[in-house]
Amino acid sequence: MILLVGLSSDATIRHALLAAHVMGVETTLLDLLEFYKDGTFSWNFASGTGWIRAGATRVEFPDSLITGIYARAIDLSSEVEPEQRAAYSSRASILRRMLSSLDVPVVSVTSDDVSNIAKPYHMRVLQRCGFPMPETLLSNSPDVILSFTDDNTICKGVSSDKTKAFMMTGDDLSRVEEAQKCPILLQRRVGVSDIRAHFVGDEYYAEEIVSDAIDYRFDDVPKVFRSIELPADVVSSCRAYMRWSGNQFVGIDFRRDADGNLVILEANPMPGYHGYDKRAGLKITEALFRYLGAAPAALTYRAS
Amino acid sequence: MSSKTPEVFPTLFGDKTDPVLRSISSTLMRRGVDHAWIEGYADFELDYRVSGLSSEVKVTIADRTFSAGDISALVRPSFGRKRFDSRDEKFVSNESFAAAISLFEEVPNVIGRPLSTCYSAARILSLCHPVRTPLEGASSEWEELAAMASAAGAREIHVEDLASYRREVVPLDGRPTSPGPWRAIFAAGTMYSVAVVLDDWALCLADELGVGEASVTELAKTASRGLRRVGVRFCVLIFGGTPEEPVLAQVITSPEPQMFGSKWTEVNDRLIEALLLETRNLS
């Protein structure tokens, strides 16, 4: 059995549950919101044993039936009222710690790699794993920002908050003084298409997205999706990042440049992979469940 | 800014009310050492570029431009992270903090790297191997926590309420005043030994355990070596347990001056020495 820990309203968790049903993989969901609100638990960190209850679901550890855990243990503390933040944040932290102390494969509990919370630092980590980065500027200086910006410059978030990347235009440049109080991140837009690769343990599935979108996740423009193989050197650098981060399930974003080379943008430690998986015929979930110890027999179905 | 220019330019990042920065700045001024105190991004210009396999950082303070290796920085938690009430304020706070993390990971001589505050207490303690850490539990059920403590041979339970972060020491047959859930360490006693560490230097601040000041200092040096992997150079370490088997109970990575009592002057001077270290002399 695979234990899923996450929000029952999270599209990725709902997708994983549905995929498990299609595949005949047994799962149990520990609802994150119920745990944060009034869940109960008891944990001995020395032995890695204890129990967690969220709503009507109570799970004992160790449980020989649980072969692996897919935990999208999102910290919701910044989404709740100020007086509830400390309680939510400490429960998120203790839950991640409880799950990390278990002797079964656990994915998406990011304990060692926190680099994704600061993109420029994250880029430096990726460079050390062998990835060259596109030309990027972090600055609060209007003069520096103006001199860097050309008609092929995008602005994106510095932190891990989900933001929509946009092309810098005259309107944005007229507001550049606002950057003085908080630096902004600009990047030279490279390439002709986007690539998203999901790595799970030793397996990966990559998809190329061809469109005119600045940010294909949000822009409503025609898109062509096709599955692709990654070059061996890119796979090798991806594996170097996985080793460095200790994270066995990552979603890595690239752009393909005009010469056909892949240029990395970022690695997502808790990928929302459901859209890609639907187009891939559930291959990513299949690899994920395989990594988490689902019986091979349960994965012999063929998605229609 | 005053006139004397050291080999590296010391910069202080944080709120003007921060007692550590006030003390350091006042000593630097008294010694005539040129330095800058930066409260927010409006006080300096950042030009941080990443391209290919390299990066370059330039910081301009009052018309003087420095590369990352030309400055040293003492960074306090008040820099880059702001209180927020609205979603917009939260976004700005996260963006500012992310920029601070990135900037200070590029500067070789930094005391108080913002990234080091992103690691959990458990992760920080795990880096202090081979120094032992205490047995720990967490629970919403007090009776189960007390049973764990009893089985661990503890005489009392040091409890932190997970909602309020309030701490108290509770006897095995007692009950905390906070509602819980709690994280707890199972302690052999209420005696503690405390040391401050800055790079290779350590100083015993208290030795209630009675293991000897030299032993506390050595333990602190050993425990802190692994912390450098996550950029922690300056911290206070609190040891509990017994004189025979001291355990590292807590690492405080942003200590306040009042923790040092009469020894603050010595710590203050060490901080200044570390800030004036040239990059090439950093281990």
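Residues numbered from 1 in each chain as written. Chains lettered and ligands numbered in written order. Predicted model: local features only at pLDDT ≥ 70, side-chain atom pairs only at ≥ 80, totals over all residues. Heavy atoms only, no water.

## A word on the overall build of chain A
Inclusion rule: Helical segments are the DSSP runs of H or I of at least four residues, strand segments are the runs of E of at least two, and each set is numbered from the N terminus. Here the globule rule reads 2.2 Å times residues to the power 0.38, and the radius of gyration is calculated from C-alpha atoms. Any residue under 20% of the maximum accessible area for its type is buried, any over 50% is exposed, and the rest in between are partly exposed; the area is computed with a 1.4 Å probe on protein chains only. Working rule for contacts: check all heavy atoms of both residues, and any pair within 4.5 Å makes them a contact. Surface accessibility in these figures is a Shrake-Rupley result with a 1.4 Å probe; residues are shielded only by whichever protein chains are displayed.
Tallying secondary structure elements over chain A gives nine helices and 16 strands in all. In terms of overall dimensions, chain A is globule-like: its C-alpha atoms have a radius of gyration of 21 Å, near the 19 Å expected for 304 residues. Taken along its principal axes, the extent of the C-alpha atoms in chain A is 60 × 50 × 35 Å. Relative to its full complement of 304 residues, chain A shows a buried share of 56%. Considering only residue pairs separated by 6 or more positions, chain A has 66% of its internal contacts joining residues 24 or more positions apart. In the structure as shown, chain A presents an accessible area of about 12,600 Å², 50% of it carried by carbon and sulfur atoms.

## A closer look at the side chain of Ser90(A)
How we decide: In the analysis that follows, any N or O atom pair within 3.5 Å is treated as a polar contact, provided that within protein one partner can donate a hydrogen and the other can accept it, and provided that, for residues neighboring in sequence, both atoms belong to side chains.
With respect to the helices and strands, Ser90(A) occurs in helix α3 (residues 82-100). Reaching out from Ser90(A), the side chain makes a polar contact with the backbone oxygen of Leu162(B) at a distance of 2.2 Å.

## Points about the confidence of the model for chain B
Keep in mind that low pLDDT regions are not for reading the predicted coordinates in detail. To keep it simple, the criterion reads: The quantity called pLDDT is the predictor's confidence in a given residue, expressed from 0 to 100.
The pLDDT averaged across chain B works out to 90; a share of 96% of its residues lies at or above 70. Scored by ipTM, the complex comes to 0.89, with pTM at 0.89.

## Quick word on the nonpolar core
Our working rule: What makes a nonpolar core is a set of buried Ala, Val, Leu, Ile, Met, Phe, Trp, Tyr and Cys residues whose side-chain atoms join them at distances within 4.5 Å.
If you look at the biggest cluster of nonpolar residues, it comprises 81 residues, and the most contacted ones within it are Leu230(A), Phe254(A) and Phe44(B). Sequence-distant contacts of Leu230(A), defined by excluding residues within four places in its chain, comprise Ile195(A), Ala197(A), Phe199(A), Tyr204(A), Ala206(A), Val235(A) and Leu262(A). In this structure, Val5(A), Trp43(A), Val59(A) and Ile69(A) belong to the second largest nonpolar core, which totals 30 residues.

## A closer look at the pairing of strand β9 (residues 153-156) of chain A
Residues and elements named next belong to chain A. Quick reminder of the rule: Two strands pair if DSSP finds at least two bridges between them.
Side-chain alternation along β9 places Thr 153 and Cys 155 on one buried face and Ile 154 and Lys 156 on a second face that is also buried. Bridge count for β9 against strand β11 (residues 184-188) is four bridges, and the pairing is antiparallel. If you follow Cys 155 over to β11, its bridge partner there is Leu 186.

## A few points about the packing of helix α4 (residues 119-128) of chain A against helix α2 (residues 87-106) of chain B
How we decide: An axis is simply a line fitted to the C-alpha atoms; with a helix, the fit covers only the stretch in contact. Between two such axes, the angle follows the N-to-C directions and lies from 0 to 180 degrees. An angle below 35 degrees is read as roughly parallel, one above 145 as roughly antiparallel, one from 65 to 115 as roughly perpendicular, and any other as oblique. Residues are grouped as follows: Ala, Val, Leu, Ile, Met, Phe, Trp, Tyr, Cys and Pro are nonpolar; Asp, Glu, Lys and Arg are charged; all remaining types, including Gly, are polar.
It is at 7 Å that the axes of α4(A) and α2(B) come closest, and there the two elements cross at 45 degrees. Between α4(A) and α2(B), the crossing angle belongs to the class labelled oblique. Along its contact with α4(A), which presents Pro120(A), Tyr121(A) and Arg124(A), the element α2(B) presents Ile101(B), Ser102(B), Glu105(B) and Glu106(B). Class assignment of the residues belonging to the contact of α4(A) with α2(B) gives a composition of three nonpolar, one polar and three charged.

## Focus on the sheet that holds strand β1 (residues 2-6) of chain A
All names here are of chain A. Within the open sheet, the four strands sit side by side as β2-β1-β6-β7. Their pairing is parallel. In this open sheet, the two strands that pair with only one neighbour each are β2 (27-31) and β7 (106-107). Both β1 and β2 contribute to a ladder of five bridges, which runs parallel. Bridge assignment links Leu 3 to a residue of β2, and that residue is Thr 28. The sheet strands contacting helix α1 (residues 11-23) are β1, β2 and β6 (68-71), and the helix crosses β1 at an angle near 160 degrees.

## Observations regarding the packing of aromatic side chains
In plain terms, the rule: We call Phe, Tyr and Trp rings a pair once their centres come within 6.5 Å, taking the six-membered ring for Trp, and we label the pair stacked below 30 degrees between planes, edge-to-face above 60, and tilted otherwise. We call a charge positioned above a ring when the Lys NZ or Arg CZ atom is no farther than 6 Å from the ring centre and deviates by at most 35 degrees from the ring normal.
Per the stated rule, a full pass over the model turns up 20 aromatic pairs over all chains. For the ring pair Tyr36(A) and Tyr88(A), a centre distance of 5.6 Å and an interplane angle of 50 degrees mean the geometry is tilted. In this pair, Tyr36(A) is assigned in helix α2 (residues 32-38) and Tyr88(A) in helix α3, connecting sequence segments 52 residues apart. For the pair formed by Tyr36(A) and Tyr88(A), the shared burial category is buried. Ring geometry for Phe13(B) versus Phe104(B): centroids 4.8 Å apart, planes at 80 degrees, classification edge-to-face. With Phe13(B) in strand β1 (residues 9-13) and Phe104(B) in helix α2, this residue pair connects regions lying 91 residues apart in the sequence. Of the two residues, Phe13(B) and Phe104(B), neither departs from the other in class, the shared state being buried. Chaining the aromatic ring pairs together yields one cluster made of Phe13(B), Tyr41(B), Phe44(B), Phe79(B) and Phe104(B). Over the face of the ring belonging to Phe45(A) we find Arg97(A), whose NZ or CZ atom lies 3.8 Å from the ring centre.

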